[in-house]
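Observations on the three-dimensional arrangement
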Amino acid sequence: MKKIIIAIDGFSSCGKSTMAKGLARKLGFIYIDSGAMYRAVTLYALRNGFFEHEHINESALADSIKNISITFKLNKDGIPETYMNDENVEQEIRTMEVSSHVSPIAALPFVREALVAQQRKMGEQKGIVMDGRDIGTTVFPNAELKIFVTASAEIRAQRRFDELKAKGKNDTYEKVLENVVERDRIDMTRAVSPLRKADDAIELDNSHMTIAEQLDYIASLAENKIKS
Ligand code: DC
């Protein structure tokens, strides 16, 4: 089977990673969660005291960035997990503490430069599905297939609210919606690699689609590209 690069970008909490993971599994491709890499750098910065209140000690982080190695390994169920310097950090990078510090880290040009270089290396052999915000625009502008996922802010907030509730968290729907809207604003307005649809990306509004419907749709797009 021909190996291609598939870039899946879009807003937060719109189910990109579920789709990307499912697609990679179906095609036998590697799945890379680029957001996990920004989260791992954030965890490193938190652990090493590089946040002084809301201020980031950029020169300390810049000096350390080459020492942060981020890799992905499959667990026993075949699900990829994130490793930072050979330590499994998959759970720790998903905490609220990391989530609430990651946006300013992801906005730092030297962080983006270092991670984009690692992401391009991971794509050298092709056969990869990568999800994020700038994969189709910056990381792989020549990707054979680009999908840009959207859903209304209200629907994304409801999905996130249901997820949090299932985990026993009792944030209100209004608070979650506010957070979704704020993250969209930060992602779209940052100076470096802001979130935007690549001109040649296919837009997929999944507001009223099930996960199975989305997967069928993108799998048929991918299979057509692979055949062509
Ligand atoms: O997809 P996520 O929520 O795990 O992403 C975490 C953060 O990283 C989020 O603030 C957006 C940012 N990000 C980015 O700037 N570029 C990417 N390619 C992926 C994520």
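Notes on the structure in this doc start here. Values in this document were obtained by computation on a predicted structure and should not be read as measured data.

Points about the overall build of the protein
When its secondary structure is counted, the protein shows ten helices and ten strands. For the protein, the C-alpha radius of gyration of 17 Å lies close to 17 Å, the compact-globule estimate for 228 residues. Summarising its shape, the C-alpha atoms of the protein cover approximately 50 × 40 × 40 Å along the three principal directions. A total of 228 residues make up the protein; the buried ones form 49% of that total. In the protein, 72% of the contacts between residues at least 6 apart in sequence involve partners at least 24 apart. Approximately 11700 Å² of the protein is accessible, and the part contributed by carbon and sulfur atoms is 52%.

Comments concerning the pattern of salt bridges
Opposite charge on two side chains permits them to pair, given that their charged atoms come into close proximity. In the structure shown here, the tally under the stated rule is 15 salt bridges. Taking the shortest distance from any N to any O, the salt bridge between Lys76 and Asp77 comes out at 3.9 Å. For the pair Lys76 and Asp77, one class covers both residues: exposed. Note that Arg112 and Asp134 form a salt bridge whose closest N and O atoms lie 3.0 Å from each other. Taken together, the positions of Arg112 in helix α6 (residues 109–122) and Asp134 in the loop between β8 (128–132) and α7 (135–139) put the pair 22 residues apart, joining distant regions of the chain. Overlapping salt bridges, with partners in common, bring together Asp33, Glu90 and Arg94 in one network.

Section: the site of the ligand
Taken together, 15 residues lie near the ligand, and Ser34, Arg39, Arg112, Asp134 and Arg190 sit nearest. Arg112 is positioned with one of its side-chain polar atoms (N or O) 2.8 Å from an oxygen atom of the ligand. Measuring from a nitrogen atom of the ligand, one finds a side-chain N or O atom of Asp134 at 2.8 Å. When contributions to the shell around the ligand are tallied by element, the ones reaching two or more residues are α2 (34–47), α5 (102–106) and α9 (173–189). Sort the elements by how many residues they give to the shell around the ligand and α2 lands first, with four residues.

Quick word on the sheet that holds strand β10 (residues 202–205)
Strands sit in the order β2-β8-β1-β9-β10 across an open sheet of five strands; the sheet is parallel. Where the open sheet ends on each side, the last strands, each with one partner, are β2 (30–33) and β10. Taken pair by pair, the neighbouring strands of this sheet meet at an average axis angle of 20°, ignoring direction. When strand β1 (residues 5–10) meets strand β9 (residues 145–150), the two strands line up parallel, connected through five bridges. When the sheet's bridge partners are listed, Ala7 is paired in β9 with Lys146. Its contacts with the sheet place α2 against β2 and β8, and it is angled at close to 45° to β2.

With respect to the nonpolar core
Generally speaking, soluble globular proteins have nonpolar side chains that are buried together. Core analysis: the largest hydrophobic core is formed by 37 residues, its most contacted members being Val41, Leu61, Ile68, Ile105 and Val111. Of all the secondary structure elements, the ones that give two or more residues to this core are β1, α2, α3 (58–64), β5 (70–74), α5, α6, β8 and α7. Broken down by element, the residue count for this core peaks at eight residues, all from α2. Contacts of Ile68, omitting those with residues within four sequence positions, involve Val41, Tyr44, Leu61, Met84, Asn85 and Gln118. By size, the runner-up hydrophobic cluster in this structure holds 28 residues, among which are Ala20, Phe29, Val129 and Leu195.

A word on the packing of helix α8 (residues 153–166) against α9
The contact between α8 and α9 brings their axes to 9 Å, and the two run at 125°. As judged from the angle between their axes, α8 and α9 are oblique. In this structure, α8 crosses over α9, and the sense of that crossing is right-handed. For the pair α8 and α9, contact is made by Ala153, Glu154, Arg156, Ala157, Gln158, Arg160, Phe161 and Leu164 and by Tyr173, Val176, Leu177, Val180, Val181, Arg183 and Asp184, respectively.

Calculation criteria
- Residues numbered from 1 in each chain as written.
- Predicted model: local features only at pLDDT ≥ 70, side-chain atom pairs only at ≥ 80, totals over all residues.
- Heavy atoms only, no water.
- Helix = DSSP H or I, 4+ residues; strand = E, 2+ residues; numbered from the N terminus.
- Rg over C-alpha atoms; globule rule 2.2 N^0.38 Å.
- Buried < 20%, exposed > 50% of the residue type's maximum accessible area, 1.4 Å probe, protein only.
- Contact = heavy atoms within 4.5 Å.
- Areas by Shrake-Rupley, 256 points an atom, 1.4 Å probe, with all protein chains shown as cover.
- Salt bridge = Lys/Arg side-chain N within 4 Å of Asp/Glu carboxyl O.
- Near = heavy atom within 4 Å.
- Polar contact = N/O pair within 3.5 Å; in protein donor to acceptor, adjacent residues only side chain to side chain.
- Pairing = 2+ DSSP bridges.
- Axes fitted to C-alpha atoms, helices over the stretch in contact; angles between N-to-C directions.
- Core = buried A, V, L, I, M, F, W, Y, C linked by side-chain atoms within 4.5 Å.
- Parallel < 35°, antiparallel > 145°, perpendicular 65-115°, else oblique.
- Left-handed = near helix turned anticlockwise from the far one by under 90°.

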